[in-house]
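Examining the three-dimensional arrangement
Listed below, chain by chain, are the residues.
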Protein chains: 2
Amino acid sequence: MIRLEDVAKDSGFSRATVSRVINDESKVHPETAKLIKASMEKLGYRPNLIARALSSGRNNAVALLLPDVTTFYYTNLIRGAGDAAEDAHYHVITKSISKPNQAEELMNSNLVDGFIIRHSSFSERIDRLLKNCIKKKTPVVFIGKPFNEYTCPSIVVDNVGGARKMAHFFARNNYRRILFIGGRHDNLDSNDRKFGFRLGLQESGFPLQDLVEVEGDFSRERGYEIARTHLSDRSFDAVFAANDETAMGVLLYLNERSIRIPEEVSVAGFDDTFFAEYLWPPLTTIRQPMYDIGHIAMTQVLKMIGESSPNGNETILPTELIVRRSCKVQ
Amino acid sequence: MIRLEDVAKDSGFSRATVSRVINDESKVHPETAKLIKASMEKLGYRPNLIARALSSGRNNAVALLLPDVTTFYYTNLIRGAGDAAEDAHYHVITKSISKPNQAEELMNSNLVDGFIIRHSSFSERIDRLLKNCIKKKTPVVFIGKPFNEYTCPSIVVDNVGGARKMAHFFARNNYRRILFIGGRHDNLDSNDRKFGFRLGLQESGFPLQDLVEVEGDFSRERGYEIARTHLSDRSFDAVFAANDETAMGVLLYLNERSIRIPEEVSVAGFDDTFFAEYLWPPLTTIRQPMYDIGHIAMTQVLKMIGESSPNGNETILPTELIVRRSCKVQ
DNA sequence: GTGAAAGCGCTAACAG
DNA sequence: CTGTTAGCGCTTTCAC
């Protein structure tokens, strides 16, 4: 391993000067810098990031805490965050919050300069993590609806607006018997989507008492199950699932039973995940900008790390209605 | 921040002893350990992992380098690796190899103790990374077919065997006009699958000259495109796509054209990704144990990190035929 | 503009 | 079993 000291010896300058060349060239004579750079090049010097971190207190790493890393749902978010980090030469350590020790260990071990925390429902653990961050003045950005009590920047998508658009679309096409399949009752996204959907229906003059709402869990399996119990007798002519996965399960059931989509039942989802377009029939859904969410969140923490300013604002990202063949259009 | 030294002062023992309690309690008097632990608890001490890494030379982190982190294809692999790492209190830094600087920077900056590298085709960059690892004697495990020249442990799935099973299944059901859609010509997995498929057909007495093979790129879009150019005139009664995504595109095209699956065309894929079961019709495919791949690879590097033994063997994991309704069964 | 020297918080010989 | 003493490789005052 080539150390800073080796470069110093080789170039004839001190470690301090070499360090300066690496970190802030402006404070060093151009000629000196040139010589030192040549030396680094010659020896193939690479800074030891661990040593730098210990010495400087900056780790050039941020943690991205997700409910579950291992789901396709967050892939674009992760990509967005990664791209933003790369530009700043930061590393991203992605962890599932579901693994309790891991996330807290990370927080206590001085491995990262900041956190991005995604949550979809209130949880003690996340609450604790967050309090911890704030206590230590560690920069943290929320992805999702912020918990009331604290102030930290948050990035949210316009769930209400998206579902509202879907409601207007449903109403415009005269769907009469509508089934809404939500996520778990404590899922904040799902609840916002439900709220927006009801709002939109109401605005369109749809009699809300005719809307049937059931609780799901955002899974394909549950979507299938609910379709089985609610759609076999053709008592609905449209279903809005609060996420695409659930809709995927619904489509499977309907296809299995040869219930024609969208002639007999229109189906819509939320997310516009990568497979939505390739389902049969292609799924009408609400697109949310996952890549941007990740990118903006990362940009935000990096800014906070740089400036150490509190900056407690909320960024709301737009959603978009994507109409495909799973919905009957008049 | 509470440091080791604070615990030492508080408990009245030396830093060394406190360190021992943390790392290898066996060498310390039980009573002493108890006192020190109480002190740590009281002060809320958390080891600074950066300092530990610099001092010990071990980082308790391994890098997982994937062609593209941000695809659902690797989610289970990532999960498997993560679970294995967690048990050993290791962190995983997951990076896309496609980002050139990132991966090499990681390798040169002493941030990780070992590497897991997944590749699906030969590339200069991976070759360079690998040579680098070997030169530095950094533990590294391959996921995929090893490049000939080097020896490092590798984990591969039985692509040949899986595709062979599919061929037998095709032959058993008397498919006569078969289309094979591969990945890119240099994709090692795809080529093994093609090889196994041909092998299996041959074994079953299928006249290989009747097999039509086209090159795809593992994408849904390309699958759709190839279906459009090859399946519109019903000149095939079965297609085997070398991955599920391609099959997904094929299904979409056939459904759009109302070509009946499997009555007119049987379709099969490879991977058994999470959506395979939920496509229409549910997709016949070959399951590969992605979770296990990640878990075994991580276990393997951790072992190498512990023992610093070379250990140049190859692990081959089995694949399994999953028959679903996209294929006509006699 | 450059160098000397003091750490960052921890581990790891080496003594005792 | 426990303490002393050097560092790990880098950054960062503080002088010059």
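Please refer to the structure placed before this passage.
The text that follows walks through the structure, step by step, so that each part is easy to find. Just so it is clear, the structure is predicted and the values come from calculations on it, not from any experiment.

Thresholds, definitions, all that
- Residues numbered from 1 in each chain as written.
- Chains lettered and ligands numbered in written order.
- Predicted model: local features only at pLDDT ≥ 70, side-chain atom pairs only at ≥ 80, totals over all residues.
- Heavy atoms only, no water.
- Helix = DSSP H or I, 4+ residues; strand = E, 2+ residues; numbered from the N terminus.
- Expected span 1.5 Å × (residues − 1).
- Buried < 20%, exposed > 50% of the residue type's maximum accessible area, 1.4 Å probe, protein only.
- Arc of directions from axis to C-beta.
- Phe/Tyr/Trp six-rings, centres within 6.5 Å; stacked < 30°, edge-to-face > 60°.
- Least-squares fit on C-alpha atoms with pLDDT ≥ 70 in both.
- Contact = heavy atoms within 4.5 Å.
- Buried area = accessible area lost by both parts, 1.4 Å probe.
- Salt bridge = Lys/Arg side-chain N within 4 Å of Asp/Glu carboxyl O.
- Polar contact = N/O pair within 3.5 Å; in protein donor to acceptor, adjacent residues only side chain to side chain.
- Near = heavy atom within 4 Å.
- Nonpolar A, V, L, I, M, F, W, Y, C, P; charged D, E, K, R; others polar.
- Axes fitted to C-alpha atoms, helices over the stretch in contact; angles between N-to-C directions.
- Parallel < 35°, antiparallel > 145°, perpendicular 65-115°, else oblique.

Residue and element names in this part refer to chain B. Compared with an ideal rise of 1.5 Å per residue, which puts 13 residues at 18 Å, helix 7 (residues 124–136) spans 18 Å between its outermost C-alpha atoms and is within 8% of the ideal. Turning to helix 7, its buried residues are I126, D127, L129, L130 and C133. With its buried residues spanning 165 degrees around the axis, helix 7 presents them on a single face. Relative to its buried face, helix 7 has exposed residues pointing more than 90 degrees away, namely E124 and K135. Looking one or two residues beyond helix 7, the residue adopting positive phi is K137, at roughly 60 degrees.

The full count for this structure, using the stated rule, is 31 aromatic pairs over all chains. Ring centres 4.5 Å apart and planes at 5 degrees place the aromatic pair F274 of chain A and F72 of chain B in the stacked group. Of this pair, F274 of chain A sits in the loop between strand 9 (266–268) and strand 10 (285–287) while F72 of chain B sits in the loop between strand 1 (61–66) and helix 5 (75–87), on two different chains. Judged by centre distance (5.9 Å) and plane angle (65 degrees), the rings of F274 of chain A and F275 of chain B are edge-to-face. Here F275 of chain B lies in the loop between strand 9 (266–268) and strand 10 (285–287) and F274 of chain A lies in the loop between strand 9 and strand 10, a pairing that spans two chains. We classify F274 of chain A as partly exposed; its relative accessible area is 21%.

With that out of the way, let us pick up the relation of the copies chain B and chain A. For the pair chain B and chain A, the best superposition has an RMSD of 0.2 Å and corresponds to a rotation of 180 degrees with a translation of 0.1 Å parallel to the axis. Such a turn and shift between the copies fits a two-fold axis. The position closest to the rotation axis in chain B is occupied by the C-alpha of F72 of chain B, lying 2.2 Å away. Looking at the interface residues of chain B, 100% of them are also at the interface in chain A, so both copies use one shared face.

Residue-level contacts link 50 residues of chain B with 50 residues of chain A. Around 4600 Å² of area is buried between chain B and chain A when both sides are counted, 63% of it from carbon and sulfur atoms. Put simply, chain B and chain A have three salt bridges between them. E256 of chain A is the salt-bridge partner of R325 of chain B, the closest N and O atoms lying 2.7 Å from each other. At the boundary of chain B with chain A, the tally comes to six residue pairs in polar contact (both at pLDDT 80 or more). Secondary-structure elements contributing two or more residues to the side of chain B that touches chain A are helix 4 (49–56), helix 5, strand 2 (91–96), helix 6 (100–108), helix 10 (220–230) and helix 11 (244–256) of chain B. The greatest single-element share of the side of chain B that touches chain A, amounting to six residues, is contributed by helix 5 of chain B.

Bringing the protein's contact with DNA strand D into the picture now. Contacts to DNA strand D come from 28 residues, most closely from L4, R15 and Y45 of chain A together with R20 and T32 of chain B. Considering the 4 Å shell around the protein, atoms of DNA strand D inside it are sugar or phosphate in 59% of instances. One of the backbone N or O atoms of S14 of chain B is found 2.9 Å from a phosphate oxygen in DNA strand D. R20 of chain B is positioned such that a nitrogen or oxygen atom in its side chain is 2.4 Å from a base oxygen of DNA strand D. Every element with two or more residues in the surface near DNA strand D is listed here: helix 2 (15–23) and helix 4 (49–56) of chain A together with helix 2 (15–23) and helix 4 of chain B. Sorting elements by how many residues they give to the surface near DNA strand D places helix 2 of chain A first, with five residues. Across the surface near DNA strand D, the residue classes break down as ten nonpolar, ten polar and eight charged.

The next subject is the packing of helix 1 (residues 4–11) of chain A against helix 2 of chain A. All names here are of chain A. At a minimum axis distance of 8 Å, the contact between helix 1 and helix 2 shows a crossing angle of 110 degrees. Classed by the angle they form, the pair helix 1 and helix 2 counts as roughly perpendicular. Residues L4, E5, V7, A8 and S11 of helix 1 touch helix 2, and the partners they reach there are R15, V18, S19 and I22. Tallied by class, residues from the contact of helix 1 with helix 2 come to five nonpolar, two polar and two charged.

R20 and T32 of chain A together with L4, R15 and Y45 of chain B are the nearest of the 29 residues found near DNA strand C. Near the protein, within 4 Å, the atoms of DNA strand C are sugar or phosphate in 59% of cases. Side-chain polar atom of T32 of chain A to a phosphate oxygen of DNA strand C: 2.3 Å apart, as the coordinates give it. Residue assignment for the surface near DNA strand C shows that the elements contributing at least two residues are helix 2 and helix 4 of chain A together with helix 2 and helix 4 of chain B. With five residues, helix 2 of chain B is the largest single contributor of residues to the surface near DNA strand C.

Geometric descriptors of this kind do not, in isolation, establish any biological role.
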